[in-house]
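A closer look at the structure
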Amino acid sequence: MKIIDSLRYGYRMKLTFSIACVGLVMMTALVIVRYKLLQDILYEKTDVRINSIGALIASDLKEDYVDREFINLQERINSLTNKSNISFISLMDGDNKVLYSSIEELPGRENAVFDTSTNIRKNISGFVKSFPVMDKSVNIATVQIGFVLTDLPRDLSRIFKTSVIMSTFVVLIIIAAAWLISGGFEKPLRGMCAVTQKVAAGDFSARVSVENRDIIGELGMALNKMIEQIGVLTADLNKKIKTTDIKLEEKTVHLTELNKELTKRTEELEISNKKLQEADKLKTEFVSIVSHELRTPLTGIIGFARTLLKLDLNEEQKINYLKIIEAEGKRLSGMIEDFLDISKIESNTIVLRLATEDINAVIRETVESFNVPENRKVVVELDGSRPKVKIDKGRIMQVIFNILENAFRYTPVHGKITVSTRVNGGSVEVSVEDEGIGIDKTDRDMVFDKFYRCSDDVTKKSRGSGLGLAISRGIVELHNGKIWVESEKGKGSAFIFSLPVMKDG
Ligand SMILES: Nc1ncnc2c1ncn2[C@@H]1O[C@H](COP(=O)(O)OP(=O)(O)OP(=O)(O)O)[C@@H](O)[C@H]1O
Ligand SMILES: [Mg+2]
């Protein structure tokens, strides 16, 4: 604001100063011209006055000079000298010899003539002038008069002073007028300045008030038109920016959603990838374990077959070898069955042939079909309510078979094995209890994992792939049941699985 104010007053000051300068120059010129003019007039007037005084004195003295009344002449000269502005009067004859003079000490009295070449313009305080004394157009003598002009310098000085005072006064009036006029010029410009400031601050409704149709008025009108156009353009631009902003916002929202979706998909992909990697790792492990497991019976089969071919054996020996080959073959076949089952369970491609069965009957059938060694015994204790279940009979028999097989495998020769059923709520629990080696707490959670075998001596000595319980769990869960183990190391184990009982059964 200060800068604008200084510019504002600067403009007014400049205008006033310029006008004042012009006024001052003009007034100075005017003073000089006036002074010169008045000086000339004053000189001329003084000249005329001196000439008439000189002519009068010359004609006054002529008569006494012609009549040779010299005493009178002296008196007249003395009396005339007493007049103001005359310092001396001298009368000279035709040869310029001074006859009478009002001053005694006239230098060169014999032929003393003052230098009359001085004129009033050169010496305004005093000068000498000669006037001829004429008689019938004949120059009979010369009167030399010394004038003292004390009034002239005083008058000139007065003229000069009044001129200067007058011009100073006029210049002051000019300055005041210039200040007022420049203020008048500045007022509309100041208004324009205020309007442009408002426009710059974003107020496009501001308008310059046009009072006159002069150049400033035209400028104001042009400014108003310009502000109107800027206002329209700005409104249009703001509208476009708003639309673009909304579109951008929408796009940003869309992009954010897309980004979220992308992040979600990426996470899903990462999980899938991890799963795939795990599956790939598991597959590699599975293949390596399977190959390893299959190699043992295969090596046996191949070895005995070669011995049969190469050696000259008797009939009995041959039969023994062939029996071994058959047993290993059966084991191989069983293992392959297990591998296929676990892979079907894991890939969820196992197909159950469900039918309503009496679970007690299924257990009895399984135990009967189980090849129980002669010196061993299985005790069967069945629930009296004959619970009905919807099961794939073959698969559930396979589960009972696996658990029974384990019970025999991990139980000393004289241990008792009890198979029982018990209805508990909406389920029937099938339990296979042995008096075997039992299972450690740490192993209990893992015996249902595929290929897991405990590290005890009994397990190490027995042959198995660690798939029986994993397959059993898969089958039970497919029937919406549960399987678990209750055991203590050295005190036998109870493998229990539950199946939902049919409501009408
Ligand atoms: N009744 C049991 N008593 C003690 N340990 C058992 C019993 N049943 C299973 N186990 C332990 O659990 C492990 C896993 O059993 P699982 O039936 O899955 O495999 P496996 O019997 O070793 O081999 P497979 O059944 O494939 O021939 C066994 O190796 C064994 O160590
Ligand atoms: Mg087993």
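Everything numeric in this text was worked out from a predicted model, so none of it was measured.

1. Examining the overall build of the chain
Scanning the chain from N- to C-terminus turns up 10 helices and 11 strands. Relative to a compact globule of 505 residues, whose C-alpha radius of gyration would be 23 Å, the chain shows 76 Å and is clearly more extended. Overall, the chain is about 220 × 60 × 40 Å in size when its C-alpha atoms are taken along their principal axes. Pairs at least 24 residues apart make up 66% of the contacts formed inside the chain by residues separated by at least 6 positions. Element-wise, carbon and sulfur atoms account for 58% of the exposed surface of the chain, whose accessible area totals about 32,300 Å².

2. Quick notes on the packing of helix α7 (residues 393–409) against helix α10 (residues 468–478)
Here α7 crosses α10 at 150 degrees, and the two axes come no closer than 9 Å. The hand of the α7/α10 crossing is left-handed. Touching R395, I396, Q398, V399, N402, I403 and N406 of α7 are G468, L469, I471, S472, I475 and V476, all from α10. Classifying every residue of the contact of α7 with α10 gives 7 nonpolar, 5 polar and 1 charged.

3. A closer look at the nonpolar core
The biggest cluster of nonpolar side chains holds 50 residues, and the ones touching the most others in it are I359, I396, L404 and F497. Top contributing element to this core by residue count: α7, with 8 residues. Contacts of F497, omitting those with residues within four sequence positions, involve I396, V399, I400, I403, V428, E429, V430, V476, K482 and I483. One finds L73, L80, I86 and V143 within the second-largest nonpolar core, a separate group that totals 25 residues.

4. What about the pairing of strand β2 (residues 98–101)?
Sheet topology note: the strand β1 (residues 86–92)/β2 ladder contains 3 bridges and is antiparallel. Along β2, the bridge assignment pairs L91 with Y100. Linkage of β1 to β2, two consecutive antiparallel strands, is achieved through a turn of 5 residues, within which N96 is found at a positive phi near 65 degrees.

5. Examining α10
Side chains three or four residues apart in an α-helix point the same way, a direct result of the helix having 3.6 residues per turn. Within the sequence span of α10, burial applies to L469, A470, I471, S472, G474, I475 and V476. One or two positions beyond α10, positive phi appears at N480, with a value near 60 degrees.

6. What to know about a negative patch on the surface
Together, E381, E433, E435 and E486 give the surface a local cluster of negative charge. As for its position among the elements, E486 is in strand β10 (residues 482–487). Among the residues examined, E486 registers a relative accessible area of 47% and is labelled partly exposed.

7. A few points about the domain arrangement of the chain
Domain annotation for the chain reports domain 1 (2–177) and domain 2 (352–500). The C-alpha centroid of domain 2 is placed 161 Å from the C-alpha centroid of domain 1.

8. A word on the confidence of the model for the chain
When pLDDT is averaged along the chain, the result is 85, and 93% of the positions lie at 70 or above. Low pLDDT (under 50) marks residues 106–115, which in the prediction has 27 contacts with non-local residues, meaning those over four places away or in another chain.

9. A look at the packing of helix α5 (residues 315–346) against α10
Interaxial distance between α5 and α10 falls to 10 Å at its minimum, and their mutual angle equals 40 degrees. On the basis of their axis angle, the class for α5 and α10 is oblique. α5 and α10 meet at a crossing whose hand is left-handed. Between α5 and α10, the contacting residues are D338, D341, I342 and I345 on the first element and A470, I471, G474 and I475 on the second. Classifying every residue of the contact of α5 with α10 by side-chain character gives 5 nonpolar, 1 polar and 2 charged.

10. Considering a nonpolar patch on the surface
Side chains of Y11, I181 and F185 sit close together on the surface and give an oily, nonpolar patch of about 280 Å² of accessible area. Here Y11 shows up in helix α1 (residues 2–66).

11. Concerning the packing of aromatic side chains
Counted by the stated rule, this structure contains 7 aromatic pairs. Ring geometry for Y35 against F160: centres 5.5 Å apart, planes inclined by 80 degrees, an arrangement best described as edge-to-face. One end of the pair, Y35, is in helix α1; the other, F160, is in helix α3 (residues 151–200), with 125 residues separating them in the sequence. For F160, a relative accessible area of 42% puts it in the partly exposed group. Feature note: the residues F286, F339 and F451 constitute an aromatic cluster, connected by ring pairs.

What counts and what doesn't
Residues numbered from 1 in each chain as written. Chains lettered and ligands numbered in written order. Predicted model: local features only at pLDDT ≥ 70, side-chain atom pairs only at ≥ 80, totals over all residues. Heavy atoms only, no water. Helix = DSSP H or I, 4+ residues; strand = E, 2+ residues; numbered from the N terminus. Rg over C-alpha atoms; globule rule 2.2 N^0.38 Å. Contact = heavy atoms within 4.5 Å. Areas by Shrake-Rupley, 256 points an atom, 1.4 Å probe, with all protein chains shown as cover. Axes fitted to C-alpha atoms, helices over the stretch in contact; angles between N-to-C directions. Left-handed = near helix turned anticlockwise from the far one by under 90°. Nonpolar A, V, L, I, M, F, W, Y, C, P; charged D, E, K, R; others polar. Core = buried A, V, L, I, M, F, W, Y, C linked by side-chain atoms within 4.5 Å. Buried < 20%, exposed > 50% of the residue type's maximum accessible area, 1.4 Å probe, protein only. Pairing = 2+ DSSP bridges. Patch = residues over 30% accessible without salt bridge, like charges linked within 9 Å, V, L, I, M, F, W, Y side chains within 5 Å. Salt bridge = Lys/Arg side-chain N within 4 Å of Asp/Glu carboxyl O. Lys, Arg positive; Asp, Glu negative; His and termini not counted. Charge placed at Lys NZ, Arg CZ, Asp CG, Glu CD. Domains from an automatic or database assignment. pLDDT = per-residue confidence, 0-100. Parallel < 35°, antiparallel > 145°, perpendicular 65-115°, else oblique. Phe/Tyr/Trp six-rings, centres within 6.5 Å; stacked < 30°, edge-to-face > 60°.

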